Amino acid sequence: AEILKKISRQEEETWDDVKYGQEKILKIQIFPFKDEDYKFLGTIIIIADVSQERYFNDYLLRVQKIASVAEVAAGVAHEINNPLGIIQNYITLLKRKPAIDDDSQQKLSKVEDELQRISGIVESLLSFSRRKTLPMKRVNLAAVLDETLLLLNHNLKEKQIALLRTQNADDAPIIGDENQLKQVIMNLVVNSIDAVAEAGTIEIAL
């Protein structure tokens, strides 16, 4: 009815998404056809089947949304991993204290079990969102190192470990993934804290 109305008024119009049947999507265009004296002769109607194009665009949008969700999940998972590592370290230190009774040991073990469950959920998120190529960008490794060591400061004090830093410059630009670099540094330092005797020394050179 709308098309007939436009034709009777000799108007130009375009309809981008006209559903036809169960699966077809049409693009319809109408143009008034006139002679050189602008006398109306009729109407040109162009009907194009754009079903595949529309379905493909919808598919791309869904894929992009999934990719966006995956990227957010990866970012959240990486951020959760850092405090999880700290909490795990605190629990390990508490369990080593000789003054803790059996009941407290059992409660700490229960907390540790739940922490492992959270870690498993985070790892599942990372598995879901992990891509073959990381979003590489310019990162200041010196700043990344400082931020990570700040998180571990209490762990170092707990065992009275001295941290020696050797650094030639405040700016150490590299191309990499900041979150994964923090995780690598954290793992290295936590392992070092576990491996070094109380009142020992850890040296980091950049």
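Residue indices follow the written sequence of each chain, beginning from 1 at its first position. Local features in a predicted model are, by the rule used here, given only for residues with pLDDT of at least 70; side-chain atom pairs are given and counted only at 80 or more, and totals for whole chains, interfaces and linings are based on all residues. Side-chain measures were taken over the full set of non-hydrogen atoms in the model, leaving aside hydrogen atoms and water.

Visitor: Could you clarify how one ought to interpret the sheet that holds strand β1 (residues 13–20) in this entry?
Guide: Within a sheet, each strand pairs with its neighbour through backbone hydrogen bonds, oriented either parallel or antiparallel. One bridge is not enough; two strands pair if DSSP finds at least two bridges between them. For helices the rule is a DSSP run of H or I covering at least 4 residues; for strands it is a run of E covering at least 2, with both sets numbered from the N terminus onward. Strand order in the open sheet formed by three strands is β1-β2-β3, and the pairing between neighbours is antiparallel. Both outer strands of the open sheet, β1 and β3 (40–49), are each paired with one neighbouring strand and no more. The sheet shows a mean angle of 25° between the axes of neighbouring strands, direction not considered. Sheet topology places strand β2 (residues 24–34) next to β3; nine bridges connect them, and they run antiparallel. Bridged to K34 within β3 is F40. Here an angle of 0 to 180 degrees is reported between the N-to-C directions of two axes, which are lines fitted to C-alpha atoms, with helices fitted over the stretch in contact.

Visitor: Whenever I open this one, the packing of helix α4 (residues 141–151) against helix α6 (residues 178–195) confuses me. Can you help?
Guide: Geometrically, a packed helix pair is captured by the angle between its two axes and the distance between the axes. Here α4 crosses α6 at 50°, and the two axes come no closer than 9 Å. If you check the angle between α4 and α6, you find them oblique. Between α4 and α6 lies a crossing of right-handed hand. Contacts between α4 and α6 pair L141, V144, L145, E147, T148, L149 and L151 from the former with E178, L181, K182, I185, M186 and V189 from the latter. Among the residues making up the contact of α4 with α6, the classes are represented as nine nonpolar, one polar and three charged. An angle below 35 degrees is treated as roughly parallel, one above 145 as roughly antiparallel, one from 65 to 115 as roughly perpendicular, and anything else as oblique. Handedness of a helix crossing follows the sense of rotation of the near helix relative to the far helix, less than a right angle counterclockwise being left-handed and clockwise being right-handed. Contacts are assigned to residue pairs with any non-hydrogen atoms lying within 4.5 Å of each other. When residues are sorted by character, Ala, Val, Leu, Ile, Met, Phe, Trp, Tyr, Cys and Pro go into the nonpolar class, Asp, Glu, Lys and Arg into the charged class, and all the rest, Gly among them, into the polar class.

Visitor: I'm lost on α4 in this one. Help?
Guide: Spacing of three or four residues puts side chains on the same side of an α-helix, whose turn is 3.6 residues. Within the sequence span of α4, burial applies to L141, A142, V144, L145, T148 and L149. Seen end-on, α4 carries its buried residues on one side only, within an arc spanning 160°. For α4, the N-terminal cap is N140; the gap from its side-chain oxygen to the backbone nitrogen of A142 is 3.2 Å. A 1.4 Å probe rolled over the protein chains alone gives each residue an accessible area, and that area as a share of the maximum for its type sets the label: buried under 20%, exposed over 50%, partly exposed in between. Note that the arc is computed from the directions linking the helix axis to the C-beta atoms. Each polar contact in these results corresponds to two N or O atoms within 3.5 Å; when the atoms are within protein, one needs to be able to donate a hydrogen and the other to accept it, and residues that are neighboring in sequence are counted only if both atoms are side-chain atoms.

Visitor: Please clarify how the pattern of salt bridges should be interpreted in this entry.
Guide: Any two side chains of opposite charge can pair, so long as their charged atoms come close to each other. In what follows, salt bridge is the name for a side-chain nitrogen of Lys or Arg lying within 4 Å of a carboxyl oxygen of Asp or Glu. Evaluated as defined, the whole model comprises twelve salt bridges. Two residues, K24 and D49, come together in a salt bridge whose shortest N-O distance is 2.9 Å. Linking K24 in strand β2 with D49 in strand β3, this pair joins segments that are 25 residues apart in sequence. The class for K24 is partly exposed, based on a relative accessible area of 39%. The class of D49 is partly exposed, set by a relative accessible area of 45%.

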